[in-house]
Amino acid sequence: MPLKLSPKVKRNLFRIIPFGIIWLVSGWVFWIVEQAAAGNSDQDQSSRIAMNFEVFLFSSAALMIVGLLIGTIELLYLNQVFSKKSFTKKIVYKTIFYILLLLIITSITYPIAKSLELNTSIFDKRVWDIFWEYWTSITHLSTDIQLATSLLISLFYSEISENIGHGVLMNFFTGKYHTPTEELRIFMFSDMKSSTAIAEQLGHIKYFELLKEYYSDFSEAIIQHSGEIYQYVGDEIIISWKYEAGIVNNNCIKCFFAMKKDLHKRAEWYSSHYGITPTFKAGFHYGKVTTGEIGELKKEIIFTGDVLNTTARIQGLCNPLNVDILISGDLCQSLTLEPEFKIQSLGKNELKGKEQNMELFTITD
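In every chain, residue numbers begin from 1 and rise along the written sequence. Under the rules for a predicted model, residues below a pLDDT of 70 receive no local features and side-chain atom pairs below 80 are neither given nor counted, while totals for whole chains, interfaces and linings still include all residues. The side-chain figures draw on all heavy atoms in the structure; neither hydrogens nor water molecules are used.

## Observations regarding the overall build of the protein chain
Link 1 in the chain: Secondary structure is summarised from DSSP: a helix means a run of H or I of at least four residues, a strand means a run of E of at least two, and numbering begins at the N terminus for each. Secondary structure assignment for the protein chain yields 14 helices and eight strands.
Link 2 in the chain: Taken over the C-alpha atoms alone, the protein chain extends approximately 85 × 50 × 45 Å along its principal axes.
Link 3 in the chain: Only protein chains enter the area calculation, which uses a 1.4 Å probe; residues under 20% of their type maximum are buried, those over 50% are exposed, and those in between are partly exposed. Taking all 365 residues of the protein chain together, the buried fraction comes to 43%.
Link 4 in the chain: Within the protein chain, counting contacts between residues at least 6 apart in sequence, those at least 24 apart form 70% of the total.
Link 5 in the chain: For the protein chain, the accessible area works out to roughly 20,200 Å², and carbon and sulfur atoms hold 60% of it.
Link 6 in the chain: Positive residues here are Lys and Arg, negative ones are Asp and Glu, while His and the chain termini are left out of the count. Each charge is placed at NZ for Lys, CZ for Arg, CG for Asp and CD for Glu. Between the centroid of the 34 positive side chains of the protein chain and the centroid of its 38 negative side chains there is a distance of 4 Å. Contacts are assigned to residue pairs with any non-hydrogen atoms lying within 4.5 Å of each other. The protein chains shown are the only cover counted for residues, whose accessible areas, like all others here, come from Shrake-Rupley with a 1.4 Å probe.

## Observations concerning the environment of isoleucine 91
Link 1 in the chain: With respect to the helices and strands, the residue isoleucine 91 is situated in helix α3 (residues 87–118).
Link 2 in the chain: On the basis of relative accessibility, which here comes to 12%, the residue isoleucine 91 falls in the buried class.
Link 3 in the chain: In this structure, the C-alpha to C-alpha distance between isoleucine 91 and phenylalanine 156, residues 65 residues apart in sequence, is 8.2 Å.

## Some points on the pattern of salt bridges
Side chains that differ in charge, positive against negative, can pair when their charged atoms come close.
Link 1 in the chain: Criterion for a salt bridge: a side-chain nitrogen of Lys or Arg within 4 Å of a carboxyl oxygen of Asp or Glu. A full pass over the atoms with the stated rule returns 15 salt bridges.
Link 2 in the chain: We note a salt bridge from lysine 281 to aspartate 191, for which the minimum N-O separation is 2.9 Å. With a gap of 90 residues between them, lysine 281 in strand β4 (residues 280–294) and aspartate 191 in strand β1 (residues 181–192) connect regions that are remote in the sequence. The exposure classification of lysine 281 matches that of aspartate 191, with both residues buried.
Link 3 in the chain: It is possible to trace a salt-bridge network through shared partners that takes in Glu183, Arg185 and Glu228.

## A look at the packing of aromatic side chains
The way to describe two aromatic rings as a pair is by their centre distance and the angle between their planes.
Link 1 in the chain: Two rings from Phe, Tyr or Trp (for Trp, the six-membered ring) form a pair when their centres are within 6.5 Å of each other. A pair whose planes differ by under 30 degrees is stacked, one over 60 is edge-to-face, and the rest are tilted. What the rule picks out here adds up to 20 aromatic pairs.
Link 2 in the chain: Measuring from ring centre to ring centre gives 5.1 Å for phenylalanine 19 and tyrosine 157, while their planes differ by 80 degrees; the resulting arrangement is edge-to-face. Here tyrosine 157 lies in helix α5 (residues 138–164) and phenylalanine 19 lies in helix α1 (residues 7–39), a separation of 138 residues in the sequence.
Link 3 in the chain: For tyrosine 157, a relative accessible area of 8% translates into the label buried.
Link 4 in the chain: Taking the centre distance of 5.3 Å and the plane angle of 70 degrees together, the rings of phenylalanine 256 and phenylalanine 280 count as edge-to-face. With a gap of 24 residues between them, phenylalanine 256 in helix α10 (residues 251–265) and phenylalanine 280 in strand β4 connect regions that are remote in the sequence.
Link 5 in the chain: You can call phenylalanine 256 buried: its relative accessible area is 0%.
Link 6 in the chain: What links up through ring pairs into an aromatic cluster is the set Tyr214, Tyr215, Phe218, Tyr232, Phe256, Phe257, Phe280, Phe284 and Phe341.
Link 7 in the chain: As a reminder, the over-ring test applies to NZ of lysine and CZ of arginine, requiring each to be within 6 Å of the ring centre and within 35 degrees of the ring normal. We note arginine 266 situated over the ring of tryptophan 269; from NZ or CZ to the ring centre the distance is 4.1 Å.
Link 8 in the chain: Directly above the ring of tyrosine 270 sits arginine 266, whose terminal nitrogen or CZ lies 5.5 Å from the centroid.

## Overview of the packing of helix α2 (residues 53–81) against α3
Link 1 in the chain: Relative orientation of the contacting elements α2 and α3 amounts to 160 degrees, with a least axis distance of 11 Å. Looking at the two axes, α2 sits roughly antiparallel to α3. The crossing of α2 and α3 is right-handed. Counting all contacts with α2, which are made through Glu54, Val55, Phe58, Val66, Leu69, Ile70, Ile73, Glu74, Leu78 and Asn79, the residues of α3 involved are Lys94, Phe97, Tyr98, Leu101, Leu102, Ile105, Thr109, Ile112, Ala113, Leu116 and Glu117. Each axis is a line fitted through C-alpha atoms, taken for helices only over the stretch in contact, and angles between the N-to-C directions span 0 to 180 degrees. Note on terminology: angles under 35 degrees are roughly parallel, angles over 145 are roughly antiparallel, angles of 65 to 115 are roughly perpendicular, and the others are oblique. Rotating anticlockwise by less than a right angle from the far helix to the near helix defines a left-handed crossing, while the corresponding clockwise rotation defines a right-handed one.

## Section: the nonpolar core
Link 1 in the chain: With 41 residues, the main nonpolar core has Leu210, Tyr214, Ile253, Met259 and Phe284 as its most contacted residues.
Link 2 in the chain: In this structure isoleucine 253 touches Phe284, Ile327, Leu335, Leu337, Phe341 and Ile363, once residues within four positions along its chain are discounted.
Link 3 in the chain: The criterion is simple. A nonpolar core is a set of buried Ala, Val, Leu, Ile, Met, Phe, Trp, Tyr and Cys residues joined through side-chain atoms within 4.5 Å. Ranked by size, the runner-up nonpolar core spans 20 residues in total, among them Phe19, Trp23, Leu75 and Leu102.

What follows is the structure, given as structure tokens:
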């Protein structure tokens, strides 16, 4: 039976692999430059490792592993540790951490590579004599520059990916949406209840801090159910799925209830810090959208299509109909809900700007 990875594991793998590629490619580039420079140099090259096929394979594997290690540490640990620091402070603190880590890694990999070049044991005295010589040589400086360059590229990739989203960044790199593309997508428009009253009660700064925590609490549920954050609009978050990803395992619906559950778990924390417990409502619909890059001064990948307006109108009926979740009849017919979910028709409803009324459904778990 093939190994089935969870959406979270898949997401982490796709975010970590580019680190390995960055380190491998930059290492190859530096090796080519170094070989060209060494060929025209009269300096003592005893501390420099001559490249043969065996050393090349080891070095490439080591670079890839180091890149993947740094990507894993970066995305699964350091991003959380320094999440509230400024961009500059994050880069400085992380650089210090990684310099210490790379010194340890170099101290391990250099003797191995040298022993492979000399075709001798790693415990051979010649290996360690050259190793100590290496620390004061131009070769060491060259290696430090290579590692620092790879590290900085990795950190900038990490920060850019974190800020605009890994999926968006990859789409820009691959040019997937450089030409407009038609897609079938599911949308969820989620809106905080009584947000205006909460903002007036807390004040702008405190309310903004609440929003950061509120959005953060949704992250795990969205990742686990293959959702993609399209936009934050004030207190509203728009989540999207490619049709197949949203339908399989009822991901789109389960995402809503997982978000609700995760927010409920922290109800007491919100109450003690802000004096309120935020809740939300959501509307669901699906349909064809045109996806593409837009903008000159600032590039964005956007969706256009009637489905977005319709989903917004559906979500706007949650309060009048006194429910937390509304689903269009079209989407409801595409779902095969488990017995734990109870679905109820709310009849045909008028949507602002739409000529025909639409049957809407609500779900309880």
